[in-house]
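# Results of the structural survey
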Amino acid sequence: DNILSVQNIEKYYGKKGNVTKALDGISLNIDKGEFLGIMGPSGSGKTTLLNCISTIDKVTTGEIIVNDKNITKMRTKKLDKFRRDELGFIFQDFNLLDTLTGYENIALALTIQEINPKKIDNLIKKVAETLEISPVLNKYPYEMSGGQQQRIACARAIVTEPSLVLADEPTGALDSKSSRLLLESFERLNKELEATILLVTHDAFTASYANRIFFIKDGKIFNELVKGNDSRKE
Ligand code: ADP
Ligand code: ADP
């Protein structure tokens, strides 16, 4: 059951005489229910790849298919709806609204979709339990720890039941204990709520929580690690 198919994409930035090749022929596939990590150093093309998948940026060549929809050919008008319906985003810097409580931050996307308050309440309670954030739902972001804020951001990304969750350096602003808690939350989102996750990071510890890890450098995938697939055991 294919959710994402990235087919030989290239991305150039800049104009003649000053061109950067940010992506140099990337191909990858993600099936429903996978937790995929992409690991690479700064400048290797991770954010560019995510921005192309999330249609914030346009590929130069190649195609990206999400849920059988070719998003590289999609019109601008349809793209907003595509992002809202199919994708969940988690950023390094949380991106919560400071004027809303945790609960309200999570509820916002659902409210916009005209889902009734009772159903919203049920959805939020279920996700909050999985992420262990029930005690902070009524707090404002500035009253929470970084780890709690990021788990609220996770809840917001997942509560709309997107086909694919995109996470860009989600542990980048967290200390090691909060990072561990967050990554355990990702594991639960993946196992219990069957979220399909694509996580990019420069950090090996963070990447190690994914089930499959691609290694990227200079805009190319140069290796792959599939966990639990150690041939020495056979
Ligand atoms: P990473 O997320 O792995 O740090 P990026 O995707 O941000 O890598 O960057 C990949 C390459 O593309 C780098 O060489 C970077 O300098 C370049 N790049 C990224 N965004 C732009 C842009 N808007 N304009 C020009 N070059 C860019
Ligand atoms: P890096 O991955 O290189 O550490 P960041 O993740 O901080 O860098 O951001 C790189 C780029 O990702 C930004 O220039 C921006 O285009 C995009 N980005 C980051 N946060 C957001 C956001 N909240 N909404 C849209 N784009 C974002």
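This section reports on the structure supplied with the text. (Residues numbered from 1 in each chain as written. Chains lettered and ligands numbered in written order. Predicted model: local features only at pLDDT ≥ 70, side-chain atom pairs only at ≥ 80, totals over all residues. Heavy atoms only, no water.)

Let us look at the overall build of the protein chain. Each helix and strand counted, the protein chain has seven helices and ten strands in total. Looking at the protein chain as a whole, 47% of its 234 residues qualify as buried. On the protein chain, roughly 12,400 Å² of surface is accessible, and the fraction owed to carbon and sulfur atoms is 48%. Charge centroids of the protein chain, computed over 32 positive and 32 negative side chains, lie 4 Å from each other. (Helix = DSSP H or I, 4+ residues; strand = E, 2+ residues; numbered from the N terminus. Buried < 20%, exposed > 50% of the residue type's maximum accessible area, 1.4 Å probe, protein only. Areas by Shrake-Rupley, 256 points an atom, 1.4 Å probe, with all protein chains shown as cover. Lys, Arg positive; Asp, Glu negative; His and termini not counted. Charge placed at Lys NZ, Arg CZ, Asp CG, Glu CD.)

Turning next to a nonpolar patch on the surface. Residues Leu97, Leu108 and Ile112 make up a contiguous nonpolar surface patch of roughly 260 Å² in combined accessible area. With respect to the helices and strands, the residue Leu108 is situated in helix H3 (residues 102-112). (Patch = residues over 30% accessible without salt bridge, like charges linked within 9 Å, V, L, I, M, F, W, Y side chains within 5 Å. Salt bridge = Lys/Arg side-chain N within 4 Å of Asp/Glu carboxyl O.)

Time to look at the layout of surface pockets. Here the largest pocket defines a volume of roughly 480 Å³. What lines the largest pocket is a set of 17 residues, among which Arg84, Leu87, Phe89, Ala109 and Arg156 lie closest to the centre. Among the elements of the structure, helix H2 (76-86), strand E6 (87-90), H3 and helix H5 (146-158) are those that each provide at least two residues to the lining of the largest pocket. Considering every element that reaches the lining of the largest pocket, the biggest residue donor is H3, with four residues. Its residues assigned to classes, the lining of the largest pocket shows eight nonpolar, five polar and four charged. Counted as a void, the second largest pocket has a volume near 270 Å³. Looking at which element gives the most residues to the lining of the second largest pocket, the answer is helix H4 (residues 117-131), with three residues. Across the lining of the second largest pocket, the residue classes tally to eight nonpolar, three polar and four charged. (1 Å grid on protein atoms, 1.4 Å probe; cavity = no way out; pocket = protein on both sides within 12 Å on 5 of 7 lines; lining within 4 Å. Points joined across faces, edges and corners; volume = space filled by probe spheres on them. Nonpolar A, V, L, I, M, F, W, Y, C, P; charged D, E, K, R; others polar.)

A few words now on the packing of aromatic side chains. Two measures describe an aromatic ring pair: the distance that separates the ring centres and the angle between the ring planes. A complete count under the given rule lists five aromatic pairs for this structure. Ring geometry for Tyr140 and Tyr142: centres 5.8 Å apart, planes at 10°, overall stacked. In this structure Tyr142 comes out as exposed when scored by relative accessible area, which is 59%. (Phe/Tyr/Trp six-rings, centres within 6.5 Å; stacked < 30°, edge-to-face > 60°.)

A word on the packing of H5 against helix H6 (residues 176-191). Two numbers describe how H5 lies on H6: the axes approach to 9 Å, and their chain directions differ by 20°. Our classification of the angle between H5 and H6 gives roughly parallel. With respect to the hand of their crossing, H5 and H6 are arranged in right-handed fashion. Side by side, H5 and H6 meet where Gly147, Gln150, Arg151, Cys154 and Ile158 of the first sit next to Ser178, Leu181, Leu182, Ser185, Phe186 and Leu189 of the second. The residue inventory of the contact of H5 with H6, partitioned by class, reads six nonpolar, four polar and one charged. (Axes fitted to C-alpha atoms, helices over the stretch in contact; angles between N-to-C directions. Parallel < 35°, antiparallel > 145°, perpendicular 65-115°, else oblique. Left-handed = near helix turned anticlockwise from the far one by under 90°. Contact = heavy atoms within 4.5 Å.)

Turning to the site of ligand 2, a few remarks are in order. Every residue lining ligand 2 is accounted for by Thr47, Asn51, Ile56, Phe91, Asn95 and Asp168. Within the side chain of Asn95, one N or O atom sits 3.0 Å away from a nitrogen atom of ligand 2. When ligand 2 sits alone it has 560 Å² of accessible area, and the protein chains cover 47% of it. Among the residues forming the shell around ligand 2, the class breakdown is two nonpolar, three polar and one charged. (Near = heavy atom within 4 Å. Polar contact = N/O pair within 3.5 Å; in protein donor to acceptor, adjacent residues only side chain to side chain.)

Glancing now at the sheet that holds strand E3 (residues 35-39). Strand order in the open sheet formed by six strands is E6-E7-E8-E3-E9-E10, and the pairing between neighbours is mixed. Both edges of this open sheet fall to E6 and strand E10 (220-226), since each of them pairs with a single strand only. Recorded for the sheet is a direction-independent mean angle of 20° between the axes of neighbouring strands. As paired elements, E3 and strand E8 (residues 197-201) share five bridges and run parallel to each other. Bridge pairing in E8 links Met39 to Thr201. Lying over the sheet, H5 contacts E6 and strand E7 (164-168), oriented at roughly 170° with respect to E6. Of the strands in this sheet, E3, E6, E7 and E8 are in contact with H6, which crosses E8 at around 155°. (Pairing = 2+ DSSP bridges.)

Our next topic: the site of ligand 1. Tyr13, Thr20, Ala22, Pro41, Ser42, Gly43, Ser44, Gly45, Lys46, Thr47 and Thr48 make up every residue found near ligand 1. Measuring from an oxygen atom of ligand 1, one finds a backbone N or O atom of Ser44 at 3.2 Å. Gly45 places a polar main-chain atom, nitrogen or oxygen, 3.1 Å from an oxygen atom of ligand 1. Out of a free accessible area of 560 Å², ligand 1 has 58% covered by protein chains. At the level of secondary structure, the elements contributing two or more residues to the shell around ligand 1 comprise strand E2 (20-31) and helix H1 (46-53). A total of three residues in the shell around ligand 1 trace back to one element, the largest contributor, which is H1. Its residues assigned to classes, the shell around ligand 1 comprises three nonpolar, seven polar and one charged.

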